[in-house]
Protein chains: 2
Amino acid sequence: MKIEQAARQLEALGNTTRLELYRVLVRAGTAGLAVGHVQEKLAIPASTLSHHLRRLVDTELVERERQATTLICRASYPHMQALIGYLADECCADANCRPVSGATALPAADGASQGRIKGC
Amino acid sequence: MKIEQAARQLEALGNTTRLELYRVLVRAGTAGLAVGHVQEKLAIPASTLSHHLRRLVDTELVERERQATTLICRASYPHMQALIGYLADECCADANCRPVSGATALPAADGASQGRIKGC
DNA sequence: AGCCTATTTCGAGTATCATCGAATTATAGG
DNA sequence: CCTATAATTCGATGATACTCGAAATAGGCT
């Protein structure tokens, strides 16, 4: 993962409203959630929600799929995992940094690792 | 971890310059790196660097320690791990992520950094 | 077509961020 | 005390973000 993309994704998550939005979507699971339902949960104006949603979609952290007149939103687990893997790589560059659990096993699929100290 | 703190830390990392700065510090390991040396590596004006450094320090992702006239900066691994744990928790809230124990009871959960990233 | 619901885009106001030179503080040494 | 070095704070400028109401678009129903 390029550092610019990681930064863009982190910035997208680095806003309380968007992080709450993302959390709602994650907890909705693979079924996803209609924009309207998200709005009910977050209780913010539709235009504000749409604005934040777009940031998450633009950075690939969330996917949108149309179902008739409603749009279903889903958190993109692979992209989040790639991001977590990237952060874990950064964090684990130092030898004395022991992983909490399997976090560093994540990046493998997406090539997030930049060849630093692996298997930390 | 509160969602506001997580958002603040993510926002702090969500800037290419700061992410590069953080990466430099992580790779410097526990020995840390003097601000001046970081500046040489990043090749940005001192005042700009100081500004970004402050953001990372304010969000507790980086620690500063004075040694005579120079300031040594160190990445704070525990705080980064807590952040990664929080993100992993968010990610693993969904059933298809094979949550360990009561991972779905996220809302009040604060056990961010304790091994629940299992099969995610 | 005409209408209805769901959602986005537009536009504008306010707020926060990023950048960088100049001035300032902090510490050590002569 | 005076000077030198290290790093921060100040101040100003341009850019970008956040918010939200109003208007526009998309899709389905009658």
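Before reading further, recall that the structure is shown in the block above.
Description of the structure in this document. (Residues numbered from 1 in each chain as written. Chains lettered and ligands numbered in written order. Predicted model: local features only at pLDDT ≥ 70, side-chain atom pairs only at ≥ 80, totals over all residues. Heavy atoms only, no water.)

**Observations regarding the nonpolar core**
(1) Moving on: Core analysis: the largest hydrophobic core is formed by 66 residues, its most contacted members being Leu 13, Tyr 22 and Leu 25 of chain A together with Leu 13, Tyr 22 and Leu 25 of chain B.
(2) Moving on: Composition of this core by domain shows at least three residues from each of domain 1 (3-75) and domain 2 (78-110) of chain A.
(3) Moving on: The residues contacting Leu 25 of chain A, other than those within four sequence positions of it, are Leu 33, Val 38, Leu 53, Val 62, Cys 73 and Ala 75 of chain A. (Core = buried A, V, L, I, M, F, W, Y, C linked by side-chain atoms within 4.5 Å. Buried < 20%, exposed > 50% of the residue type's maximum accessible area, 1.4 Å probe, protein only. Domains from an automatic or database assignment. Contact = heavy atoms within 4.5 Å.)

**Concerning the side chain of His 52 of chain A**
(1) Moving on: You can see His 52 of chain A is positioned in helix H4 (residues 46-58).
(2) Moving on: Using a relative accessible area of 9% as the deciding quantity, one classes His 52 of chain A as buried. (Helix = DSSP H or I, 4+ residues; strand = E, 2+ residues; numbered from the N terminus.)

**Notes on the protein's contact with DNA strand D**
(1) Moving on: Close contacts around DNA strand D come from 24 residues, with Ser 47, His 52 and Arg 55 of chain A together with Gly 36 and Arg 64 of chain B the closest.
(2) Moving on: Sugar and phosphate atoms form 72% of the subset of DNA strand D atoms that lie within 4 Å of the protein.
(3) Moving on: Between DNA strand D and Arg 18 of chain A there is a distance of 3.1 Å, counted from a phosphate oxygen to a side-chain nitrogen or oxygen.
(4) Moving on: Taking Arg 64 of chain B, its side chain carries an N or O atom lying 2.4 Å from a phosphate oxygen of DNA strand D.
(5) Moving on: Elements supplying a minimum of two residues to the surface near DNA strand D: helix H2 (16-28) and H4 of chain A together with helix H3 (35-42), helix H4 (46-58) and strand S3 (70-75) of chain B.
(6) Moving on: The residue makeup of the surface near DNA strand D, split by class, is seven nonpolar, 12 polar and five charged. (Near = heavy atom within 4 Å. Polar contact = N/O pair within 3.5 Å; in protein donor to acceptor, adjacent residues only side chain to side chain. Nonpolar A, V, L, I, M, F, W, Y, C, P; charged D, E, K, R; others polar.)

**Section: the sheet that holds strand S1 (residues 33-34) of chain A**
The strands making up a sheet are joined through hydrogen bonds of the backbone, oriented either antiparallel or parallel.
(1) Moving on: Taking strand neighbours across the sheet as the criterion, the three strands line up as S1-S3-S2 (chain A) in an open arrangement whose pairing is antiparallel. Two strands close off the open sheet at either side, each with one partner strand: S1 and strand S2 (62-67) of chain A. (Pairing = 2+ DSSP bridges.)

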